[in-house]
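# Close look at the chain arrangement
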Amino acid sequence: MTAHPIPIAKSESYLTTEVFLIGGLSVLTSLCFWMFSDKSIPLTTISNFAFSAAFLVNHPHFLSSYLLMYGDFSNKILKEKRYFLSAVIVPIILFLTLGCGLLKSDKVILGNITSGMYFLVGWHYVKQIFGFIIVTSAHRKQYYTDFERKFLLTNLFSIWFLSFLGAQMGEHDYNFYGMPYRSFNLPTWILQLDQLILISSLLAVIYVHVKKYVAIGIKPAPPAVAAFVAIYVWYIPVFSHPGFGYLIPFFHSLQYLSFVWILKRNQTEDRVKNKDPMTARKKWLKYFVGFTLLAVVTGAVFFEFLPKFLDKLELIPKDIMGTTPFLAAFLLFINIHHYFIDNAIWRSTNETVKKYLFIS
């Protein structure tokens, strides 16, 4: 997610909520898993919670981006190249590629798409964390120079690479919802180089903040610290815990929805100002509550009901592409497309985003 401002309230209660939403809650949850939960415990309860949370948080976070792109910003699709690429070209390419892979039962095509999804999802996670760090710092009048941003981005990307490359070392067979794919069999020196970059850039980030504190007394913004620590907890292998791993998409989605809720809230408040109470309530139901409910419903349809219905028809041989090829294909399509949508809409150059996320 590209950096852009969000309204920051002055109250301590809001600050606490912001810190928790952006990353603090995930860090505390990770600590609880390490303190009170053995790695070998049954994960049924945790996986059931994650499945339930997906309906209310994970799935709506994806479909919210679709509602924004094809709803709020639909007028830009045929006018701006970035929007046309994300809203038209990318989904066509994805649809044709996935369709070809499924119809031909081509494990190479589908395996490469799966690896591409993990690559882009990691990129998306890092950019979202970077956006929160820059924005929450800027609203406290704490700014990063271009040079300091490069240090920060280098460190964040090296965290993501550490996780991605770790799964690509050597020859390994994996499966994504029953759909098989293989690792890239990369040499180990690439992973070692990334580890060196990670440590060096982390030291540089720490040095930058210590230098600022000594020179002018500026401490890092608490929400920025929470977001920064969260990405380490999510991606660094030494912190990995099978129980907590189920919840990482939930915490990422919670971060994302905080941006969406603020945007839609401020947008709706602008629409209802100077309206009579009855009209105002109707507009709130339509533009805010309606948006939220539609994201929940469409999320359930496209992540659960529709793909599972297609899988029950057994249109594709199960012995070749697993038992849920359509579910895997839907997940691949939405995850990858979601990244391109976000890369287009969450920019300060977007006048709607700029207007309603600047409101304090």
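The residue numbering used here restarts from 1 in each chain and proceeds along that chain's sequence as written. Per-residue local features are limited, in this predicted model, to residues with pLDDT of at least 70; the limit for side-chain atom pairs, both in listing and counting, is 80 or more; totals at the level of whole chains, interfaces and linings are taken over all residues. To get the side-chain values, all heavy atoms of the structure are used, and hydrogens and water are removed first.

Below, the discussion takes up the packing of aromatic side chains. Only centres within 6.5 Å qualify two rings of Phe, Tyr or Trp (six-membered ring in Trp) as a pair; their planes then separate them into stacked at under 30 degrees, edge-to-face at over 60, and tilted for everything else. If you walk through the whole model with that rule in mind, you get 27 aromatic pairs. Ring geometry for F33 against F244: centres 6.2 Å apart, planes inclined by 65°, an arrangement best described as edge-to-face. One end of the pair, F33, is in helix 1 (residues 12-36); the other, F244, is in helix 8 (residues 242-245), and 211 residues separate them in sequence. Note on accessibility: F33 and F244 belong to one class, buried. By the ring-pair criterion, three or more aromatic residues cluster together here, those being F119, W123, F157, W160, F161 and F164. Where helices and strands are cited, they refer to DSSP runs of H or I of at least four residues and of E of at least two residues respectively, numbered from the N terminus. Three exposure classes are used, based on accessible area relative to the maximum for each residue type with a 1.4 Å probe and protein chains only: buried under 20%, partly exposed in between, and exposed over 50%.

With that settled, consider the confidence of the model for the protein. pLDDT measures how confident the predictor is about each residue, on a scale from 0 to 100. Overall, the prediction assigns the protein a mean pLDDT of 86, with 93% of residues at 70 or greater. Working rule for contacts: check all heavy atoms of both residues, and any pair within 4.5 Å makes them a contact. Contacts from residues 1-13, a stretch scored under 50 in pLDDT, to residues over four places away or in other chains number 41 contacts.

We now examine the pattern of salt bridges. The rule for a salt bridge is simple: a side-chain nitrogen of Lys or Arg has to be within 4 Å of a carboxyl oxygen of Asp or Glu. Using the criterion set out here, one finds 9 salt bridges in the structure. For K76, the salt bridge identified is with E80, shortest N-O distance 3.4 Å. With relative accessibility at 5%, the residue K76 sits in the buried group. K308 is the salt-bridge partner of E304, the closest N and O atoms lying 2.7 Å from each other. Of this pair, E304 and K308 both sit in helix 10 (residues 277-312), 4 residues apart, which is roughly one turn of that helix. By relative accessible area, which is 9% here, E304 ends up buried. Through salt bridges with shared partners, a single ionic network connects K76, E80 and E351.

Among the secondary structure elements, Q128 is positioned in helix 4 (residues 107-138). Under the relative-accessibility criterion, Q128 is labelled buried at 0%. The definition of a polar contact used here is a pair of N or O atoms within 3.5 Å, where within protein one atom must be able to donate a hydrogen and the other to accept one, and adjacent residues in sequence count solely through side-chain atom pairs. Within the structure, Q128 has its side chain in polar contact with the side chain of Q255 (distance 2.9 Å).

Even without glycine at this site, S105 takes up a positive phi of about 50°. Mapped onto the secondary structure, S105 falls in the loop between helix 3 (81-104) and helix 4.

Now for the nonpolar core. Nine residue types can take part in a nonpolar core, namely buried Ala, Val, Leu, Ile, Met, Phe, Trp, Tyr and Cys, and a core is a set of them joined through side-chain atoms within 4.5 Å. With 96 residues, the main nonpolar core has I133, L156, I231, W234 and W346 as its most contacted residues. Apart from residues no more than four positions distant in its own chain, I133 is found in contact with Y144, L152, L156, A224, A227 and F228.

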